[in-house]
Amino acid sequence: MIIGQIKDGIVLDHITAGRSMEIYNILKLDRLDCTVALIQNADSGKLTKKDIIKISTPMDLNLDVLGYVDPGITVNYIRDGKVAERRHLCLPERVVDIIKCKNPRCITSTERSLVHEFKLVDPARRLYRCIYCEQQAK
Amino acid sequence: MKNLMNITDLSKEEIQELLVTAEDIIANPQKYKHACSGKLLATLFFEPSTRTRLSFEAAMLRLGGEVLGFSEAASSSTAKGESLSDTIQTVGCYADIIAMRHPKEGAPVVAARRAGVPIINAGDGGHNHPTQTLTDLLTIWKCRHTFEGLTIGLCGDLKFGRTVHSLVAAMARYSGVKFVFIAPAELKFPRYIIEDELESRGIPYEEVSTMEEAMPKLDILYMTRVQKERFFNEADYIRLKDTYILTPDKLKSAKQDLIIMHPLPRVNEISVAVDDDPRALYFDQVKNGMFVRMALIMKLLEVKV
C-alpha cells in the first residue's frame, strides 16, 4: 500500500497498533477538511506493528493529550516535504481537562467551573491522581 | 503564604517546632495570651463539628485573637447556591486566617487558591484531617518523646477515616515504625495510601481482621468510629458499625504502656469501662488539640512571642 508524502502537515508515528482510531477521535480529526490518512498495523522495526496518522495541514496539537493517551508517539512536523521538527512524547506531568475525576466525594463534583486536573505521581505505573481528592485516574 | 492542606505539607522539622511550641504554651499559657491580639480567625464549617470547631475557636481566643464563622452550610450563602470559591474569596476579605471543614474532598485546595489568607484544612470528606494528626502527634510525643520504632494499630473505619489517613502519612516518615490495620473488608485502609506511603518506602504493615491478633504487639491503638455520614447505604452502616468494640477484657493481652487513642466522637467502639484505664488518652487528645492548634495558628500568621 502506498500513501504519498505530505508537503506541509503532521505525521504521528509509532502509535501503538490499534489505537489510531482513538487518537483520531480525541484530536477530532474528522472536523478537518484536508486529507487525513490513518494507517493501521504498519510494519515497524521498533514496535513490530504500529499505526500512523498523516495530516496534510499544519495544526496545533495538544501534546499533553497525546502523551497521556499514548506516550510512545513520535510527532513529525513536515514543512516543504521535509521533517522540520520531531518531538518524542512522554507522560505529561499534569493532565488538565482531559480526564474527569470519578470520585463522587471530590470537590470537582459540585464546584462550578472547576477544571479537572491530574498530576503524574508514578511514571513507572503511569499513575495519575486528582490534584484535589487524590483519586486515581481511571 | 503557607497553608495546611495535608500533614505532609509540614516537614518533620516543622512538626517538631509546632510540638515544642505547643508544649511551651502548655507550660506558660500567660506568655501567649496576647500573641494574636488584633487577628481574626474565620471558622467555616460546611459540615457539623463540635470538637474541631470549638478547639480552633478556643485556640484563637486563648491567643488573644477573635473569631467569626458558621457551623453548618445551611447558614452560609452555600444554601443560596454560592460557589465555594466565591464564599472563600469573600471571607478572605474579612479574616486573617481561615479554618475550613468541608464534606467534599479537595475543597481546601480550591479555597487556598482564592482566599488570599492562610487556609487550614479542618477536615475534607474522608480525605485528610491534618490538625487532628498534629493533635495525635502531640499526644504520642508527650508520652514517648519519640516517634521512632513504634508499632501502631489502627482499628475501625480505615477507608473513610480521614484521621487515620493523615496519621499514617505522618508516622510513615519516622524510622522503625510499623503499622497494623484492623478493619472489616469493606472498610480497609485505602490501597493508594499503602502504595504511596508504605510499599514505595518499604515500611512494614499488616492487615488483620480481629483486634485480638494485633493487641500484644501494639505500642499505640488508634480506634475510629464507623462514620454513618460516609455511607450512601444505611444498611451497610448498620451491618458494620459495631464490628470492633474495645473492652477491658480485650486489653488484657496489651502492653502495660500501650497508648489508646481515638479522634472522637465515639459511639460504641470503646466501652466506657475503658475510660478509667490509665492507658486511655483520648480525652487528653482533646486538650492537646487546642494547644497544637494555637501553635499552628501562630506559625501560619507568622506571629512570634
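The rules behind these values
Per-chain numbering applies: the sequence of each chain, read as written, is numbered from 1 onward. Numbering of ligands from 1 and lettering of chains from A proceed in the order in which they are written. With pLDDT at 70 or above as the cut-off, local features in this predicted model cover only qualifying residues; side-chain atom pairs require 80 or more to be listed or tallied, and sums for whole chains, interfaces and linings still use all residues. Here the side-chain values reflect all heavy atoms present in the structure, with hydrogen atoms and water set aside. In summary, the pairing rule links any two rings of Phe, Tyr or Trp, Trp by its six-membered ring, whose centres are within 6.5 Å, and it sorts them by plane angle into stacked for under 30 degrees, edge-to-face for over 60 and tilted for everything else. Here the term buried applies to any residue with accessible area under 20% of the maximum for its type, exposed to any over 50%, and partly exposed to those in between, with areas from a 1.4 Å probe on protein chains only. Each helix is a run of H or I in the DSSP string that is no shorter than four residues. Each strand is a run of E no shorter than two, and both are numbered from the N terminus. Two limits define a charge over a ring: the Lys NZ or Arg CZ must be within 6 Å of the ring centre, and within 35 degrees of the ring normal. Throughout, a contact is declared for two residues whenever any of their heavy atoms are within 4.5 Å. Throughout, the accessible surface (probe 1.4 Å) given up by two parts as they are put together, summed over both, is called the buried area. A carboxyl oxygen of Asp or Glu within 4 Å of a side-chain nitrogen of Lys or Arg is what we treat as a salt bridge. When DSSP finds two or more bridges between two strands, those strands count as paired. Clockwise travel from the first strand over the helix to the second, with the strands pointing away from the viewer, marks a crossover as right-handed. Axes, fitted as lines to C-alpha atoms, cover a helix only where it is in contact. Angles between the N-to-C directions of the axes lie from 0 to 180 degrees. An angle counts as roughly parallel when it lies under 35 degrees, as roughly antiparallel when it exceeds 145, as roughly perpendicular when it falls between 65 and 115, and as oblique in every other case. Definitions for this section: a left-handed crossing has its near helix turned counterclockwise from the far helix by less than a right angle. A right-handed crossing has that turn clockwise. Any residue that is not Ala, Val, Leu, Ile, Met, Phe, Trp, Tyr, Cys, Pro, Asp, Glu, Lys or Arg is counted as polar, Gly included; the first ten are nonpolar and the last four charged. Given a helix with a known number of residues, its expected span is that number minus one, times 1.5 Å. In this description, the arc belongs to the directions extending from the helix axis to the C-beta atoms.

Caption draft 1: Highlighting the packing of aromatic side chains. Residue and element names in this part refer to chain B. Under the criterion given, the structure shown has eight aromatic pairs over all chains. Taken together, a centroid distance of 5.6 Å and an interplanar angle of 35° make the contact between Trp-141 and Phe-147 tilted. Phe-147 gets classed as buried once you look at its relative accessible area, which sits at 2%. Centre to centre, the rings of Phe-147 and Tyr-174 are 4.9 Å apart; their planes meet at 45°, and the pair counts as tilted. Of this pair, Phe-147 sits in the loop between helix 5 (130-144) and strand 5 (151-155) while Tyr-174 sits in the loop between helix 6 (162-171) and strand 6 (178-182), and the two are 27 residues apart along the sequence. In this structure Tyr-174 comes out as buried when scored by relative accessible area, which is 8%. Among the aromatic residues, ring-to-ring pairing joins Phe-179, Phe-181, Phe-189 and Tyr-205 into one connected group. Looking at Arg-293, its charged tip hangs above the ring of Phe-56, at a distance of 5.0 Å from the centre.

Caption draft 2: Quick peek at the interface of chain B and chain A. On the side of chain A, 17 residues touch chain B, which itself brings 23 residues to the contact. The junction of chain B with chain A conceals about 1,600 Å² of combined surface from both sides, 45% of it contributed by carbon and sulfur atoms. The tally of links from chain B across to chain A stands at three salt bridges. Across the salt bridge formed by Arg-125 of chain A and Glu-195 of chain B, the nearest N and O atoms sit 2.7 Å from each other.

Caption draft 3: Fine view of the pairing of strand 7 (residues 205-208) of chain B. All names here are of chain B. As defined by bridge partners, strand 6 adjoins strand 7 across four bridges and the pair is classed as parallel. Bridging across to strand 7, Phe-181 finds its partner in Glu-207. In terms of handedness, the path from strand 6 via helix 7 (residues 191-198) over to strand 7 forms a crossover that is right-handed.

Caption draft 4: Spatial organisation of the pattern of salt bridges. Within this structure, the stated rule accounts for 27 salt bridges over all chains. Close ionic contact of Lys-50 of chain A with Asp-13 of chain A constitutes a salt bridge, the shortest N to O distance being 2.9 Å. Of this pair, Lys-50 of chain A sits in strand 3 (residues 48-55) while Asp-13 of chain A sits in strand 1 (residues 9-16), placing them 37 residues apart in sequence. Residue Lys-50 of chain A is classed as buried on the basis of its relative accessible area of 11%. Overall, the relative accessible area of 14% leaves Asp-13 of chain A in the buried class. Its salt-bridge partner being Glu-85 of chain A, residue Arg-87 of chain A comes within 3.6 Å of it at the nearest N-O pair. Residue classification places Arg-87 of chain A among the partly exposed residues on the basis of a relative accessible area of 38%. Through salt bridges with shared partners, a single ionic network connects Asp-122, Arg-125 and Arg-129 of chain A together with Arg-191, Glu-195, Asp-196 and Glu-199 of chain B.

Caption draft 5: Geometry of the packing of helix 5 of chain B against helix 10 (residues 282-300) of chain B. Residues and elements named next belong to chain B. For the pair helix 5 and helix 10, interaxial distance at closest approach is 8 Å and the crossing angle is 115°. Taken together, the axes of helix 5 and helix 10 are roughly perpendicular relative to one another. Judged by the sense of rotation from one axis to the other, the crossing of helix 5 with helix 10 is right-handed. Listed contacts from helix 10 to Thr-131, Gln-132, Leu-134, Thr-135, Asp-136, Leu-138, Thr-139 and Lys-142 of helix 5 are Gln-285, Asn-288, Gly-289, Val-292, Arg-293 and Leu-296. When grouped by side-chain class, the residues that make up the contact of helix 5 with helix 10 number four nonpolar, seven polar and three charged.

Caption draft 6: Up close: helix 1 (residues 12-27) of chain B. Residue and element names in this part refer to chain B. Taking 1.5 Å per residue, 16 residues should reach 22 Å; helix 1 reaches 23 Å between its end C-alpha atoms and fits that length. Among all positions of helix 1, only Glu-14, Ile-15, Leu-18, Leu-19, Ala-22 and Ile-25 are buried. End-on view of helix 1: buried residues confined to an arc of 140°, all on one side of the axis. Along helix 1, exposed side chains directed more than 90 degrees from the buried face belong to Glu-13 and Ala-27. Residues of helix 1 that are buried in the fold lie against helix 5 and helix 10.

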